[in-house]
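What follows is the residue order along each chain.
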Amino acid sequence: MVVERTDQGILIKTDAAVNVKMVQQIIDYCTALEINARAQGTQDDAEELAREVNINWWSENKHRFVK
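Residues numbered from 1 in each chain as written. Predicted model: local features only at pLDDT ≥ 70, side-chain atom pairs only at ≥ 80, totals over all residues. Heavy atoms only, no water.

Colleague: Provide a residue-level description of the overall build of the chain, including the pertinent values.
Modeller: Check the secondary structure of the chain and you find two helices and two strands. In the chain, the order of α-helices and β-strands from amino to carboxyl end is β-β-α-α. Its C-alpha atoms give the chain a radius of gyration of 19 Å, more than 25% over the compact-globule value 11 Å for 67 residues. For the C-alpha atoms alone, the extent of the chain along its principal axes is close to 55 × 30 × 15 Å. About 6,600 Å² of surface is accessible on the chain, with carbon and sulfur atoms providing 56% of the total. Of the charged side chains in the chain, 8 are positive and 11 negative, and the gap between their average positions amounts to 10 Å. (Helix = DSSP H or I, 4+ residues; strand = E, 2+ residues; numbered from the N terminus. Rg over C-alpha atoms; globule rule 2.2 N^0.38 Å. Areas by Shrake-Rupley, 256 points an atom, 1.4 Å probe, with all protein chains shown as cover. Lys, Arg positive; Asp, Glu negative; His and termini not counted. Charge placed at Lys NZ, Arg CZ, Asp CG, Glu CD.)

Colleague: An account of the pattern of salt bridges is needed here, citing residue identities and associated values.
Modeller: Going through the model one piece at a time under the given rule, you end up with three salt bridges. For Lys13, the salt bridge identified is with Glu4, shortest N-O distance 3.6 Å. The salt bridge involving Arg51 is made with Glu48; its shortest N-O contact spans 2.8 Å. Separated by three residues within a single helix, Arg51 and Glu48 lie in helix H2 (residues 43-65), roughly one turn from each other. According to the relative accessible area criterion, Arg51 is partly exposed, its value standing at 44%. Overall, the relative accessible area of 33% leaves Glu48 in the partly exposed class. (Salt bridge = Lys/Arg side-chain N within 4 Å of Asp/Glu carboxyl O. Buried < 20%, exposed > 50% of the residue type's maximum accessible area, 1.4 Å probe, protein only.)

Colleague: Explain the layout of surface pockets to me, and be specific about the residues and the numbers.
Modeller: If you add up the space inside the largest pocket, you get close to 240 Å³. What lines the largest pocket is Met1, Val3, Ile12, Thr14, Val18, Met22, Val23, Ile26 and Ile27. When the residues that make up the lining of the largest pocket are grouped by side-chain class, the tally is eight nonpolar, one polar and no charged. (1 Å grid on protein atoms, 1.4 Å probe; cavity = no way out; pocket = protein on both sides within 12 Å on 5 of 7 lines; lining within 4 Å. Points joined across faces, edges and corners; volume = space filled by probe spheres on them. Nonpolar A, V, L, I, M, F, W, Y, C, P; charged D, E, K, R; others polar.)

Colleague: Describe the packing of aromatic side chains, with residues and values.
Modeller: Both the distance between ring centres and the angle between the ring planes are used here to describe each pair of aromatic rings. A complete count under the given rule lists three aromatic pairs for this structure. Ring geometry for Trp57 versus Trp58: centroids 6.4 Å apart, planes at 35°, classification tilted. The interplanar angle of 15° and the centroid separation of 6.1 Å between the aromatic rings of Trp58 and Phe65 together place this pair among those described as stacked. Its relative accessible area of 37% is what places Trp58 among the partly exposed residues. By the ring-pair criterion, three or more aromatic residues cluster together here, those being Trp57, Trp58 and Phe65. (Phe/Tyr/Trp six-rings, centres within 6.5 Å; stacked < 30°, edge-to-face > 60°.)

Dropping the structure here:
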């Protein structure tokens, strides 16, 4: 594996036999870390977002659990 820094970013070269799905998962994880590092939200913001997601999820999936 070779890692190079270019003017446009970082280039990673590896053998073609490497599992592409695994490489994509690693890239996704690094992207999530990068986004998280720039996050400006507070704990209260996170709790409010979680509450909204739960409400939305329940409204979309309630029919699967309640007859």
